Amino acid sequence: MAEENKKVEKEAKASGKTETSKWNKFVAWCKRLPKRIATPFKNMWYELKKVSWPSKHKLIVCSVIVLVFMLCMGVVIGLFDMGASALIRLLA
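Residues numbered from 1 in each chain as written. Predicted model: local features only at pLDDT ≥ 70, side-chain atom pairs only at ≥ 80, totals over all residues. Heavy atoms only, no water.

**Some details on the overall build of the protein**
For the protein, the helix and strand inventory stands at three helices and zero strands. Considering the protein as a whole, with its 92 residues, one finds that 1% of them fall into the buried category. Split by element, the accessible area of the protein, about 9,100 Å² in all, is 70% carbon and sulfur. (Helix = DSSP H or I, 4+ residues; strand = E, 2+ residues; numbered from the N terminus. Buried < 20%, exposed > 50% of the residue type's maximum accessible area, 1.4 Å probe, protein only. Areas by Shrake-Rupley, 256 points an atom, 1.4 Å probe, with all protein chains shown as cover.)

**Considerations on the packing of aromatic side chains**
One pass over the structure, following the stated rule, counts two aromatic pairs. Relative to Phe26, the ring of Trp23 has its centre 5.8 Å away and its plane inclined at 40 degrees; by these criteria the two rings are tilted. With Trp23 and Phe26 both in helix H2 (residues 18–50), this residue pair falls three residues apart, about one helical turn. Note on Phe26 and Trp29: the rings are 6.4 Å apart at their centroids and 20 degrees apart in plane angle, and the pair reads as stacked. You can see Phe26 and its partner Trp29 sitting in helix H2, three residues apart, about one turn around the helix. Look at Phe26 and you get partly exposed, because its relative accessible area is 43%. The exposure class assigned to Trp29 is partly exposed, which follows from its relative accessible area of 36%. Taken together, Trp23, Phe26 and Trp29 form an aromatic cluster joined through their ring pairs. (Phe/Tyr/Trp six-rings, centres within 6.5 Å; stacked < 30°, edge-to-face > 60°.)

**Quick word on the confidence of the model for the protein**
Detailed reading of the predicted coordinates is not advisable wherever pLDDT falls low. Of the residues in the protein, 79% have a pLDDT of 70 or more, and the chain-wide mean is 87. Taken element by element, the predicted model of the protein shows its lowest mean pLDDT in helix H1 (residues 2–15) (61) and its highest in helix H3 (residues 56–91) (97). (pLDDT = per-residue confidence, 0-100.)

Below is the structure:
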């Protein structure tokens, strides 16, 4: 098979048909493009089917924990900011 392809390429080069060869490669690339685009999305869909999703209760509990943690960290960072601002006012 590979020998036949090489033979065809040599004949095309000898007859000056490299433009049609490039055109054929471009057309083949365009035909494969939709499949090449769809493949990662199909793979992603199959992987998402394998995921063990949390229950509604566990999702709510974890979300509340994250929100409380963010609120606490916001307060801590705010206090550090107020302390740094007060320190800079004292030094200036």
